[in-house]
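Topology and contacts: notes
The chain contents come next:
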Amino acid sequence: MRKSSAPILVALSWLLTPALLAPALAQGTKSPIEGVLQDISANPPQAAIGNVIEDICPSGNIASADLQARCNDLVLGLLRDRNVAGAQAALQAMAPEENAVVGSSLVDTAVTQLDAVAARLEALRRGTAGSGVRAIAMQWNGRSATSPDLLGPGTRTAARADAIETYAADPRSGFGAAALANARHAFAQDPSAAPEPEASANRWGLFVSGNLQTGDREATPSESGFDFDTFAFTVGADYRVSEAFVFGFAVGAENEESNLAANGGSLDTDTLKLSIQAAFYPSDRTFVELIAGAGSSDLEQQRAIRYSLGGFDIDQIARGDTEADQTFGSLAFGVDLGPGGWTITPELRADYLGVDVNGFAETMSNPAAPGSGLGLNIGAQEFNSLTSGLGLQASFAKSTSWGVLVPQFSAEWIHEFANDAETISGHFVGDPTRERFFLRNDDPVEDYGTVGVGLLAMFSSGRSFYVYYETLVGYDHLNSQNLGFGLRFEL
């Protein structure tokens, strides 16, 4: 039996005379086009925008003439012209699923600062906390890469003295005859002791680091695909209170550029961050490390709206600028193990991230052209993440004529506890009733990992340099590679 066209004709008549329908809708009358756009939607973002248009299009309350015209084109194109593909393309272009990139970008910026400072704390564990005779003593207690790695735990006193003599013979080590004599005297009295640092040994250290990160995310029914490139620069200082406690601070700046797939738009994020860090060594081989910080970001987003329907070619760029605040922290526990020059370090870590993004209203690239009424007002967003990390690192120290070289390998399993799927909400700027849409992002991956390799070079002058490469594994739809490098030297 042929389906009757009467309901469609009624819907079209009401649509073309929305002022006649407004009083009825105000009293709760069902929209004549309710479900029409949602039924043909190909994914959740299209359905969310379709639901709003079904309510506002025949209401007569739309303040923007262009928004009313685009609504009419969409519904007429579907009901009269049977242009399902054109209606779907229009809904997809109007939907702001691209905004999900904001959360990914802000998470990346916080993690980069944590990585940079954590690399510095790791370098401290590997024996770059100072220079002089006391630094050699640190090699024997198992906290430095130049110590259990070169001499091994339980090395005989004579071998230890020989090691000091070797360093003292090299003028670059900064050890003089007096320091060598003091060291020998100390070990003669107590093999487990070492003299206090010479006056020239500085407890303060400066470090600078950089991070280059690149990656891409595959598109899903709920989120756009994109690729990203990040550069971060961190500078900090630390003070060695004692052989068991170090504290410091760091300042970081970062830029991330994300480009949406199919020329769908872009996001540019600039972030400034400040953090404090501390390391405590309860015993010769155990450590506790703490990082806490906050940051502020400026975001510039561009969202392309392009489609053809109803005889109009829509080609607009919706621009939105906003700001975000973030807080982050990390707490790690671990122990250094291993025979001879090897150091095996199991580590347990917990990371927290909180981000608050201000709402914003989009402006259109061409206010006089069709599509100028499709700008959205995006509501404030909040992201929270709590992860645990269980990792293992292996390193081997090799003595050279100029210092110590330490190649490293690491692997970590990460579990997400708190980062539930976020919801983007908003309304059309030209809709005074503020009928809201809700777009639910993809659920975050709960379990994934990282693997990496690195190289640490420690020089007898008190300087050290490191470089590492890390990649993400097991995270659905997301690929990410990170190259980090840094330099540390005494003041």
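Now for a quick tour of the structure. Bear in mind that the values here come from a model prediction, so they are computed numbers and not experimental data. (Residues numbered from 1 in each chain as written. Predicted model: local features only at pLDDT ≥ 70, side-chain atom pairs only at ≥ 80, totals over all residues. Heavy atoms only, no water.)

This part is about the overall build of the protein chain. Regarding its fold elements, the protein chain presents 10 helices and 18 strands. By the burial criterion, 52% of the 491 residues in the protein chain qualify as buried. Here the analysis covers contacts within the protein chain between residues at least 6 apart in sequence; of these, 67% occur between residues at least 24 apart. Working note: accessible area of the protein chain is about 21400 Å², and carbon and sulfur atoms make up 58% of it. (Helix = DSSP H or I, 4+ residues; strand = E, 2+ residues; numbered from the N terminus. Buried < 20%, exposed > 50% of the residue type's maximum accessible area, 1.4 Å probe, protein only. Contact = heavy atoms within 4.5 Å. Areas by Shrake-Rupley, 256 points an atom, 1.4 Å probe, with all protein chains shown as cover.)

So, on to the sheet that holds strand β14 (residues 423-428). Pairing between the strands of a sheet comes from backbone hydrogen bonds, and it takes one of two forms, parallel or antiparallel. If you trace the four strands from one edge of the open sheet to the other, you get β8-β10-β14-β15, paired in antiparallel fashion. Two strands close off the open sheet at either side, each with one partner strand: β8 (360-361) and β15 (437-440). Both strand β10 (residues 376-378) and β14 contribute to a ladder of three bridges, which runs antiparallel. Residue pairing in the sheet places N377 in a bridge with H427 of β14. (Pairing = 2+ DSSP bridges.)

As defined by bridge partners, strand β7 (residues 342-357) adjoins strand β11 (residues 381-396) across 16 bridges and the pair is classed as antiparallel. For T345, the partnering residue across the bridge sits in β11 and is Q393.

Among soluble globular proteins, nonpolar side chains are generally buried collectively. Judged by nonpolar contacts, the single largest core of 38 residues is most densely connected at I53, L74, M94, Y307 and F428. At six residues, the largest contribution of residues to this core is made by helix α5 (residues 65-79). If near-sequence neighbours (up to four positions away) are discounted, M94 is found in contact with I49, I53, L74, R303, Y307, L374, L376 and F428. Grouped together as the second largest cluster of nonpolar side chains are 25 residues, V117, A250, L260 and Y281 included. (Core = buried A, V, L, I, M, F, W, Y, C linked by side-chain atoms within 4.5 Å.)

The subject of this paragraph is the packing of helix α4 (residues 44-56) against helix α6 (residues 84-94). One can describe the packing of α4 onto α6 by two numbers: an axis separation of 8 Å at closest approach and a directional angle of 95 degrees. In this view, α4 runs roughly perpendicular relative to α6, as classed from their interaxial angle. Together, Q46, I49, G50 and I53 of α4 and Q88, L91, Q92 and M94 of α6 make up the contact between the two elements. Within the contact of α4 with α6, the residues separate by chemical class into four nonpolar, four polar and no charged. (Axes fitted to C-alpha atoms, helices over the stretch in contact; angles between N-to-C directions. Parallel < 35°, antiparallel > 145°, perpendicular 65-115°, else oblique. Nonpolar A, V, L, I, M, F, W, Y, C, P; charged D, E, K, R; others polar.)

In the sheet, strand β1 (residues 204-217) pairs with strand β2 (residues 226-242) via 14 bridges, with the strands oriented antiparallel. Residue pairing across strands places V208 opposite V235, the latter belonging to β2. Across 16 bridges, β2 lies against strand β3 (residues 245-260) in antiparallel orientation. Bridge assignment links T234 to a residue of β3, and that residue is G252. The turn joining β2 and β3, which pair antiparallel and follow one another in sequence, is formed by two residues.

We now examine the pattern of salt bridges. Applying the stated rule across the entire model yields 13 salt bridges. Note that R440 is salt-bridged to D443, the shortest N-O span being 3.1 Å. Residues participating in the shared-partner salt-bridge network are D66, R70 and D73. (Salt bridge = Lys/Arg side-chain N within 4 Å of Asp/Glu carboxyl O.)

Let us now look at α4. Here α4 contains 13 residues, and its C-alpha end-to-end distance of 19 Å stays within 8% of the 18 Å for a straight helix at 1.5 Å per residue. All buried positions along α4 are accounted for by P45, Q46, A48, I49, G50, V52, I53, E54 and I56. Against α3 (36-40), α5, α6, β14 and β15 lie the buried residues of α4. Regarding α4, its N-cap is N43, as a side-chain oxygen of that residue lies 3.0 Å from the backbone nitrogen of Q46 further along. (Expected span 1.5 Å × (residues − 1). Polar contact = N/O pair within 3.5 Å; in protein donor to acceptor, adjacent residues only side chain to side chain.)

In this section: α6. Taken residue by residue, α6 has G86, A87, A90, L91, A93 and M94 as its buried positions. Seen end-on, α6 carries its buried residues on one side only, within an arc spanning 165 degrees. Residues of α6 that are buried make contact with α3, α4, α5, β5 (286-309), β10 and β14. Taking the backbone nitrogen of G86 as reference, a side-chain oxygen 2.8 Å away marks N83 as the first, capping residue of α6. (Arc of directions from axis to C-beta.)

Turning next to the side chain of R303. Position of R303 among the secondary structure elements: in strand β5. Looking at R303, the relative accessible area reads 1%, which means it is buried. Polar contacts involving the side chain of R303 include one to the main-chain carbonyl oxygen of A93, which spans 3.3 Å.

Turning our attention to unusual backbone geometry. Residues other than glycine seldom take positive phi values, yet A262 does so here, at roughly 55 degrees. Tracing the chain through its elements places A262 in the loop between β3 and β4 (265-280). A262 sits in the exposed class, given a relative accessible area of 79%. Positive phi is not limited to glycine here, since H477 has a value of about 70 degrees. Its place among the elements puts H477 in the loop between β17 (464-473) and β18 (478-490).

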